[in-house]
Amino acid sequence: MPARRIVVLISGSGTNLQALIDAQNTPSLPDAQIVLVFSNRKAAFGLTRAAQAQPQIHSAYLALQPYLKANPGRTRDDYDAEVARRVLEECPDLVVLAGWMHVLGEGFLELAGSAKDGRGVPVINLHPALPGAFDGTNAIERAYEAFQRGEIAHSGVMVHRVVKDVDRGEPLVVREVPIMKGESLEDFATRMHKVEWEIIVQATKQVLDEVHSNKM
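This text gives an overview of the structure that appears in the document. (Residues numbered from 1 in each chain as written. Predicted model: local features only at pLDDT ≥ 70, side-chain atom pairs only at ≥ 80, totals over all residues. Heavy atoms only, no water.)

What about the environment of Lys 42?
Next, step 1: Tracing the chain through its elements places Lys 42 in the loop between β2 (32-39) and α2 (45-52).
Next, step 2: We classify Lys 42 as exposed; its relative accessible area is 62%.
Next, step 3: Sequence separation of Lys 42 and Gln 24 is 18 residues, and the distance between their C-alpha atoms is 25 Å.
Next, step 4: Once you skip the residues sitting within four places of it in the chain, Lys 42 turns out to touch Leu 47 and Tyr 61. (Helix = DSSP H or I, 4+ residues; strand = E, 2+ residues; numbered from the N terminus. Buried < 20%, exposed > 50% of the residue type's maximum accessible area, 1.4 Å probe, protein only. Contact = heavy atoms within 4.5 Å.)

Right, here's the structure in full:
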C-alpha cells in the first residue's frame, strides 16, 4: 500500500509537527508520510524540524504581507488560494493545521474541497480548547484566567475539521484537561501541550483511515 500523504501547516516552533514526525510509520500512524511542511513564517522553527527529519521533509513558506506587497491588487483570499495551490501540488490525503496561526478563508477551503477528483481533501486543525469554548487565539491563557475567576474547572484540547467559522468544525478528538489549583500558567500550558501531541496523532490516523476506507 502506498504511503498516505500528509501536508502539515505550521507557524511556530513545531512541537505538534514533531509529534507527527515521530509517529510516522509506527503503530500510532502507520503507512504515513509527511510530504510537505508549509509555514507562513520564515523563522518558524518547525521548518528546521522538517530539515532535520530523517529522511528530510520538503518544506516551504509564504507569508501574507510579502505576498500582498509583491502582488499589487491581490487579496487575502488570493493568498489563501495560493497556499492551497502549493499544498495540493503534493497530492495530499490529508492537511493538518498544527499551530497554523492564520485563519484560512474560502480561497483555501474551496480549492481543498474540490480536489482529489471532487471528493475533497480533508483539513483538520488542533485547537487548545473544548468545543465552543475559547475560539481563536490565546485559548490556553484565556482558559487559565477564566479558572482564576472561578468560571471553569477545566479546559481541554480538540482536533476538529476546518470550516469557514473559526474553530467551529466537527470535533474529531476531544480531551478534557483539568486546571490544578495553585499551578502556574506555564505548568498548565505544558500539560496541555502533552495532550496536544497525543491527540493530533490520534486524529490524523483516524481521518487517514476514513479516507482509505472511502477509497475501498
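The structure having been displayed, the exposition proceeds.
A few points about helix α4 (residues 76-88)
The periodicity of an α-helix, 3.6 residues per turn, causes residues three or four positions apart to be oriented the same way.
Next, step 1: Relative to the 18 Å expected for 13 residues at 1.5 Å per residue, α4 spans 18 Å between its end C-alpha atoms, a close match to the ideal helical length.
Next, step 2: You can read the cap of α4 off the contacts: a side-chain oxygen lies 3.3 Å from the backbone nitrogen of Asp 77, and it is on Thr 75. (Expected span 1.5 Å × (residues − 1). Polar contact = N/O pair within 3.5 Å; in protein donor to acceptor, adjacent residues only side chain to side chain.)

Let's talk about the pattern of salt bridges
Next, step 1: In this structure the tally under the stated criterion is eleven salt bridges.
Next, step 2: As a salt-bridge pair, Glu 82 and Arg 85 come within 2.6 Å of each other at their nearest N and O atoms. Remark: Arg 85 and Glu 82 occur in helix α4; sequence separation between them is three residues, near one turn of the helix.
Next, step 3: You can call Arg 85 partly exposed: its relative accessible area is 40%.
Next, step 4: Via salt bridges that share partners, Glu 82, Arg 85, Arg 86 and Glu 89 belong to a single interconnected network. (Salt bridge = Lys/Arg side-chain N within 4 Å of Asp/Glu carboxyl O.)

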